[in-house]
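Each chain, letter by letter, is given below.
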2 protein chains.
Amino acid sequence: MGNTLNIGLFGFGVVGQGIYQVINRATNAHARIKRICVRNINKPRAIEPAPGLLTDSADDILTDPEIDLIVEVVDDASASYSIVTSAIRRGIPVVSGSKAMIARHLPELIALQHEFNTALLYDASSCGSIPVIRNLEEYYDNDLLLEVKGILNGSSNYILSRVFDHGEPYDEALARAQKLGFAESDPSFDIEGYDSLFKLIIITVHALGVYVNPEDVFTYGISSISDHDIRYAREKRMKIKLVAQVVKVAPDRFTMFVMPEFVSPSKYIYSVDDEYNGVVIRGECYDRQFMFGKGAGSLPTASSILSDVMARRHGYRYEYKKMDYMELPVYDTDVLLKIYLRFADRDLPSRLPFANITEMYSSETYNYVIGEIRLADLISCRALLSGPEVFVANIPRFFLDKD
Amino acid sequence: MGNTLNIGLFGFGVVGQGIYQVINRATNAHARIKRICVRNINKPRAIEPAPGLLTDSADDILTDPEIDLIVEVVDDASASYSIVTSAIRRGIPVVSGSKAMIARHLPELIALQHEFNTALLYDASSCGSIPVIRNLEEYYDNDLLLEVKGILNGSSNYILSRVFDHGEPYDEALARAQKLGFAESDPSFDIEGYDSLFKLIIITVHALGVYVNPEDVFTYGISSISDHDIRYAREKRMKIKLVAQVVKVAPDRFTMFVMPEFVSPSKYIYSVDDEYNGVVIRGECYDRQFMFGKGAGSLPTASSILSDVMARRHGYRYEYKKMDYMELPVYDTDVLLKIYLRFADRDLPSRLPFANITEMYSSETYNYVIGEIRLADLISCRALLSGPEVFVANIPRFFLDKD
C-alpha cells in the first residue's frame, strides 16, 4: 500500500473524534492523523489526542509539506469555506463533511478543483454512512435516473420516530436527540429541513448534473408538527417523515423540495426509523433501489470520511461527468403538489392559490384542508406558512406505489 | 463525451435483449451495439435487432478493430470462459454477467487482466441492479468490514415469497418464476443455492480480498422445503429465506456459507420479497447498511450492465486492492452453527456429529431437531443431507439483532 498517508484534521468535535478513532482502528488504511487544528486547544475533550497533535494555527497544517490530505469537519460554515478553498488553492486534496458550506459554494468549489487540479470529496456530507454521492456519480452515470428521494436527516427522523413509535412529546424527543449527539449544535438546521436541503442540493448535482441554489428550493421542516397532525396520520395508518426529493417530471425538467410527507407502510422509507437514513433511487430500467444506513452519529460519519480518505489514496476524484452532458434538465417549480395544510387562522386557505381543495375540516381545536397547489405558489407564499399555528405536509399521489 | 463506444455483444437471450433496449434508450451513454454474436442466427426472438447486427462467428467481433468493448451475457459457462479470455488476451475490455464462470475462474481472470492490461467488469453478475461489487471495492475499501449477508438470488426468493406470503404450493411458485423469466434455464442453479454461491464467491473477493473455491463452501438450497418447515417458521412468526453470507469470526478468520435461514421480522432481509435482492453490509464503525433492489429480470440486469459500460467509458477497472493487503483473513469452517434439521430417517441425527441438541420433535408425519453442529461437519456429511426427506436451515443466534 506504499507509504503512510499524512492527514491534517480540522475540527475535533464529535465527528472529528470519531475520525481519530476510526483511522487509528483501520490499520490497513495506512493513514495517520499528523496534526489536528482546533479553535481552542485547552478545551477538555472526551477523547484526548496523542500529545503534540493539537494546534490552533491553520497554517501548521496548510503549510506543512508532509500533509497529503486535509480532512475538514469544522462546525462553522465560513471557517470551513476558508480552510477548504485555501487547501485546494495549495493543491492539497480535501475530504469535507460540511454540507451547508458545500451546498452553498459547489459551483465555485468545482471550478477551483479544476483550476488547481486537486480533489474535494464529500460523500460523508450526505447521508452519513450511505454511499449516495459515489453511487450517483459512478454507478447511476446515465440518463435513466428518474428520482432520488429519501430521509436525509437522522436527527429529525429520530425525533419523528420517538413521536410516532413511542408516543413521546415532540420537545422531549428533541431534547433526547440532542443529548445523544444526533442533532446539530443549532437544532433548527435539522428540524427546519436545511440539513436535508443542503444534502439534496449536493445529491442533485451528482444525480442530474445540475446545481440549484438552496434559496430557490421550497424547504419546510417539522418544528410546527402538532398532536393533531400526528393523530391524523395515525388514523390513516401513515407516518409523517421529513422527506427530500428530486424528481424528473419530464425528460427535460425536474423539480425538488424538502417537506414533511405522509408515508404509507408500503413505502420503503416507512421503515426508516430512529437516526437512520434511507434513500430510494428510481430509474427507467432498474425500477427502485433502496439504500439504508446510519445517517447520524460520530462513528458512522467517521467511517464515511474514511471511505473518502481511502478513495483519495487511490487518486479518486468526482468527475462531475453529468455536468458535461449536452442537454441538462431544467429546474421547474410549475408542478402541482397535493398537500395537507393545518392552520389556525381560518382565512389562510383563501389567501393561498389552491388549484382545488378536496377536503376541509374545521373544529374548535384545529382545522385542515387537503388540496392541490403549485410548488411555485408554495414558494412565493412561504411567509404565510411559518409559525407554530401552521403545518404543511406533502401527500404523494400514489399511496400504493413502492417508493 | 467523445466518440461513440462500439460494443460487441455476445448472447441475445432475455438479458442480451434487455441490454439492447437499455443501450438504445440511454442516449447520453453514447454507446451502440455494433455486432451481436449468437449461436443460432435464425432463431425467432422477442426483440429483433437491426438488420446485419447478428452473426454466429465470434471472430466477427473479436477481430473487429472498431470494437471498443465486449459485453458477454452467454448462458453457457464454457462458451463464456472462451469469449472472455480470448477478449482479454486481445486487450479488449469485457463486461460480463456470467457469475458461474467468473466465480470458478476468478484468480485466473485477475491474472489475465494484469498480464494483458485490460479490464473485466462484472457488477451485473452479483445482485442484478444493486451495486454491491463496486461498493465493496471502492467504498468499503478498508478492514472495518465484518460481514456481507443477503438474499442474492431473485428467483428462489420469488418462490419463497409466493409460498410464504401467498400460500402457493412450491411447485406452482417455481413454474411461475420460470414463466416470468426470473429462473435460470436450469432451475437447480437457483433453487439449490449455486447462483447465490457464485455471487458470494465474487463478493468475498471484493469484500475481504480472498478467493475461496466454490467447491469448498457449504451450499444448501430450498428444493426440499416442505409444508412442515413452512408451518414451523410461520408459528415462530418467521420466514425462511435463502441467505448467503460471509462473516469475519475473528480478526484473522472468516467463514461463509449459503443455506436457508429463519429470518425474524426485525431483520432487514425479512422484507426483501418477490424477485428482489437485499444485501446487508456490516462494519465495525458504520454498523449495518442495507442495499435493496431488483435482483432478476431483463431490464434490471441490463441497467447494471450499462453501469459497467459507462464505467469502462471512464477507464474504470477493479483494482482488487484488498488482495494486496498484508494480512488476509483465512477461510475457516471450524465454526459452530445452530441448525434446524427436518428428517424422515430417525437414525439421521445420530449419524451427524451434533455438538448438542436443544430440541427434538417427532410425530407420525415428520421429525426435526435443533442443535449445534460445526460447519466443517456439515460439509463432510453433505451427502446425508440431500434428497426430499431432509431439510436444513440456519438459525442465527441473536434473533433480536437487526441484520
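Residues numbered from 1 in each chain as written. Chains lettered and ligands numbered in written order. Predicted model: local features only at pLDDT ≥ 70, side-chain atom pairs only at ≥ 80, totals over all residues. Heavy atoms only, no water.

**Student:** Is there a simple way to explain the side chain of S161 of chain B in this structure?
**Tutor:** Position of S161 of chain B relative to the elements: it lies in helix α6 (residues 154-166). When near neighbours in sequence (up to four residues on either side) are disregarded, S161 of chain B contacts H166, K241, D273 and D274 of chain B. (Helix = DSSP H or I, 4+ residues; strand = E, 2+ residues; numbered from the N terminus. Contact = heavy atoms within 4.5 Å.)

**Student:** How do you make sense of the interface of chain B and chain A when you look at a structure like this?
**Tutor:** Reports of interface size often rely on the accessible area that becomes lost once the parts have come together. Opposite the 45 residues of chain B that make contact, chain A presents 45 residues. For the chain B and chain A pair, buried surface summed over both sides reaches about 4,000 Å², with 54% attributable to carbon and sulfur atoms. By the criterion of area lost to chain A, the three top residues of chain B are N28, Y139 and C285 of chain B, representing 17% of everything that side buries. Applying the counting rule to chain B against chain A returns 2 salt bridges. For E284 of chain A, the salt bridge goes to R25 of chain B, with nearest N and O atoms at 3.3 Å. Linking chain B with chain A are 6 residue pairs in polar contact (both at pLDDT 80 or more), by the criterion used here. (Buried area = accessible area lost by both parts, 1.4 Å probe. Salt bridge = Lys/Arg side-chain N within 4 Å of Asp/Glu carboxyl O. Polar contact = N/O pair within 3.5 Å; in protein donor to acceptor, adjacent residues only side chain to side chain.)

**Student:** Got a minute to help me understand the pattern of salt bridges in this structure?
**Tutor:** Side chains that carry opposite charge are capable of pairing whenever their charged atoms lie near each other. Counted under the stated rule, the structure contains 48 salt bridges over all chains. For R39 of chain A, the salt bridge identified is with D76 of chain A, shortest N-O distance 3.7 Å. On the criterion of sequence distance, the pair formed by R39 of chain A in the loop between β2 (31-37) and β3 (54-55) and D76 of chain A in the loop between β4 (69-72) and α3 (77-89) is long-range, its members being 37 residues apart. By relative accessible area, D76 of chain A is classed as partly exposed at 26%. With a closest N to O distance of 3.8 Å, D165 of chain B and K239 of chain B form a salt bridge. With a gap of 74 residues between them, D165 of chain B in helix α6 and K239 of chain B in strand β9 (residues 239-250) connect regions that are remote in the sequence. Here the salt bridges share partners, and the residues they tie into one network are D165, K239, K241 and D273 of chain A. (Buried < 20%, exposed > 50% of the residue type's maximum accessible area, 1.4 Å probe, protein only.)

**Student:** Sorry if this is basic, but what is going on with the nonpolar core here?
**Tutor:** Formed by 270 residues in total, the largest nonpolar core has its most connected members in I70, Y340 and L341 of chain A together with I70, Y340 and L341 of chain B. If you look at the next biggest cluster of nonpolar residues, it comprises 20 residues, including F292 of chain A together with V272, V280 and F290 of chain B. (Core = buried A, V, L, I, M, F, W, Y, C linked by side-chain atoms within 4.5 Å.)

**Student:** Even after reading the chapter, I still don't get the sheet that holds strand β1 (residues 5-10) of chain B, so can you show me in this structure?
**Tutor:** Remark on secondary structure: sheet strands pair via backbone hydrogen bonds, oriented parallel or antiparallel. Residue and element names in this part refer to chain B. Reading across from one edge, β3-β2-β1-β4-β5-β6 is the order of the 6 strands in this open sheet, with parallel pairing throughout. The open sheet has two free edges, formed respectively by β3 (54-55) and β6 (120-121), since each of these has just one partner strand. Sheet topology places β1 next to strand β4 (residues 69-72); 4 bridges connect them, and they run parallel. If you follow F10 over to β4, its bridge partner there is E72. (Pairing = 2+ DSSP bridges.)

**Student:** Quick question: what am I supposed to make of the packing of aromatic side chains here?
**Tutor:** For any pair of aromatic rings, geometry is given as the distance between the ring centres together with the angle between the planes. Evaluation of the coordinates by the stated rule reveals 43 aromatic pairs over all chains. Between F290 of chain A and F290 of chain B, the aromatic rings sit 6.5 Å apart at their centres with planes inclined by 80°, giving edge-to-face as the arrangement. With F290 of chain A in strand β11 (residues 287-294) and F290 of chain B in strand β12 (residues 287-294), this residue pair bridges two chains. For the residue pair F290 of chain A and F290 of chain B, the accessibility class agrees, reading buried in each case. One aromatic cluster is present, built from ring pairs that chain together Y268, Y276, F290 and F292 of chain A together with Y268, Y276, F290 and F292 of chain B. Directly above the ring of Y270 of chain A sits K239 of chain A, whose terminal nitrogen or CZ lies 4.3 Å from the centroid. (Phe/Tyr/Trp six-rings, centres within 6.5 Å; stacked < 30°, edge-to-face > 60°. Lys NZ or Arg CZ within 6 Å of the ring centre and 35° of its normal.)

**Student:** I'm lost on helix α11 (residues 298-313) of chain B in this one. Help?
**Tutor:** Helical periodicity: at 3.6 residues per turn, an α-helix aligns residues three or four positions apart in one direction. Residue and element names in this part refer to chain B. With 16 residues, α11 ought to run about 22 Å at 1.5 Å a step, and its terminal C-alpha atoms sit 22 Å apart, in line with that. Within α11, 15 of the 16 residues are buried, which leaves it mostly tucked inside the rest of the structure. Following α11 by one or two positions, G315 has its phi on the positive side, about 75°. (Expected span 1.5 Å × (residues − 1).)

**Student:** Would you mind going over the side chain of E372 of chain B with me for this structure?
**Tutor:** All names here are of chain B. Tracing the backbone through its elements, the reader meets E372 in strand β16 (residues 367-374). What makes E372 buried here is its relative accessible area of 17%. Residues within four places of E372 in sequence aside, it is in contact with L336, L337, K338, F354, A355, N356 and R397.

**Student:** I tried to follow the packing of helix α6 (residues 154-166) of chain A against helix α7 (residues 170-179) of chain A on my own but got confused; where do I start?
**Tutor:** Helix-helix packing is described using two parameters, namely the angle between the two axes and the distance between the axes. All names here are of chain A. The contact between α6 and α7 brings their axes to 9 Å, and the two run at 135°. The orientation of α6 with respect to α7, classified from their angle, is oblique. In terms of crossing hand, the pair formed by α6 and α7 is right-handed. For the pair formed by α6 and α7, the contact residues are S155, Y158, I159, R162 and V163 on the first element and Y170, A173, L174, R176 and A177 on the second. Among the residues making up the contact of α6 with α7, the classes are represented as 7 nonpolar, 1 polar and 2 charged. (Axes fitted to C-alpha atoms, helices over the stretch in contact; angles between N-to-C directions. Parallel < 35°, antiparallel > 145°, perpendicular 65-115°, else oblique. Left-handed = near helix turned anticlockwise from the far one by under 90°. Nonpolar A, V, L, I, M, F, W, Y, C, P; charged D, E, K, R; others polar.)

**Student:** What should I look at first to understand helix α3 (residues 77-89) of chain B in this one?
**Tutor:** Residues and elements named next belong to chain B. Between the first and last C-alpha of α3 there are 18 Å, a value that for 13 residues agrees with the 18 Å anticipated at 1.5 Å per step. All of the buried residues along α3 are S80, I83, V84, T85, A87 and I88. For α3, the secondary structure elements touched by its buried residues are β1, α2 (59-62), β4, β5 (94-96), α4 (99-115) and β6. Taking the backbone nitrogen of S78 as reference, a side-chain oxygen 3.0 Å away marks D76 as the first, capping residue of α3. Positive backbone phi, approximately 80°, marks G91, located one or two places after α3.

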